[in-house]
Amino acid sequence: MTEQPDPEAGFLEQLGQRVRTMRALRGMSRKVLAKVSGISERYIAQLESGKGNVSIVLLRRVSQAMGAHLEDLIPDSEPAPDWPVIRDLLRRATPAQIAQAKDALAGHGPSAHRAPTFAGIALIGLRGAGKSTLGRILARKIGWSFVELNKEIESQNGLSVAEIIALYGQEGFRRMEQAALKQLLSRKEPMVLATGGGIVSEPLTFDLILSSFYTIWIKADPEEHMMRVRKQGDLRPMADDRSAMAELRNILISREPLYSRAAAVVDTAGLSVDAAATRLADEVRPVLQNEARSFGLRSVAV
């Protein structure tokens, strides 16, 4: 007789995978997560390996017995009274209906009638990919302003990124990141924007990037990322972690599906700065020509 899979073991494995993926999206090592959460690194490792506390399974049994969703039993913040109805409608909605709902909630009209927007070129990718270096070169070539989003956040709030995270946590930093991005977009001037590596972990902010900029994933091999980060003297958030390389690979694997949503990829692996800058310029040339015609921007030569 074929042995039936244990649904509860499968649930715990999926839960562990979700915790591991979420941690990687935010660029956190187990050691950092343990310190911030006050939970032992050993327990986090157990949770991620699918051996979480049995009480999680018991809670799942209770929710299933009541025909409820597990998230309905976990207190976090007070949801809107109609949230359960909205959630269930979204689960049954077609992609077109979801797009319409997203436009309405974002304050836009229907997608087909939305005015076209073009804020410039946005570079995404892990730290050490070369976003700032290549972005600065590209901006100088085309005569646009170059902006590093993290520096803009620091300027607007009078605190370093590290101080913001220490005082307000990841959630507070992501709020400030989104506010800084909206302030930049309000200038209505095309720019080359270098984003932080973890911007893809905040859905609304990343969606704003994708819808406002021609977005390019600046990609490199994990070993090159690590080498460049070490040269910068910045191992945040992996400092003092012997498994830093493994953590970086885990971060890259977890973020790849999101980075892949970019309109284009420029792989800088094994390239000199000049060669990588040339490859980036080649990628954006047709885009800049097209946008100049569509939006009346000054024609630029790359």
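Residues numbered from 1 in each chain as written. Predicted model: local features only at pLDDT ≥ 70, side-chain atom pairs only at ≥ 80, totals over all residues. Heavy atoms only, no water.

Trainee: Would you mind showing me how to read a nonpolar patch on the surface here?
Mentor: A contiguous nonpolar patch, built from Trp83, Ile86, Leu90 and Ile98 and spanning about 330 Å² of accessible area, is present on the exposed surface. With three residues, helix 5 (residues 83-92) is the single largest residue contributor to the nonpolar patch. By the element assignment, Trp83 lies in helix 5. (Patch = residues over 30% accessible without salt bridge, like charges linked within 9 Å, V, L, I, M, F, W, Y side chains within 5 Å. Areas by Shrake-Rupley, 256 points an atom, 1.4 Å probe, with all protein chains shown as cover. Salt bridge = Lys/Arg side-chain N within 4 Å of Asp/Glu carboxyl O. Helix = DSSP H or I, 4+ residues; strand = E, 2+ residues; numbered from the N terminus.)

Trainee: Looking at this structure, I do not really get the pattern of salt bridges. What am I missing?
Mentor: Any two side chains of opposite charge can pair if their charged atoms end up close together. Taken as a whole and judged by the stated rule, the model has 10 salt bridges. Ionic pairing is found between Glu152 and Arg187, a salt bridge with its closest N-O pair at 2.8 Å. One end of the pair, Glu152, is in helix 8 (residues 149-157); the other, Arg187, is in the loop between helix 9 (161-185) and strand 3 (191-194), with 35 residues separating them in the sequence. Take Glu152: its relative accessible area is 14%, and that puts it in the buried class. Arg187 sits in the partly exposed class, given a relative accessible area of 38%. Here Asp282 makes a salt bridge to Arg285, at a shortest N to O gap of 3.1 Å. Within this pair, Asp282 and its partner Arg285 are both found in helix 13 (residues 273-295), separated by three residues, close to a single helical turn. Here Arg285 falls in the partly exposed class, since its relative accessible area comes to 29%. It is possible to trace a salt-bridge network through shared partners that takes in Arg23, Arg30, Glu48 and Glu247. (Buried < 20%, exposed > 50% of the residue type's maximum accessible area, 1.4 Å probe, protein only.)

Trainee: Any chance you could explain the confidence of the model for the chain here in plain terms?
Mentor: Close reading of the predicted structure is inappropriate where its pLDDT is low. Summarising the model, the chain shows a mean pLDDT of 82, and 82% of its residues fall at 70 or more. Below pLDDT 50 for its whole length, residues 111-115 participates in four contacts with residues either more than four positions away or in separate chains. (pLDDT = per-residue confidence, 0-100. Contact = heavy atoms within 4.5 Å.)

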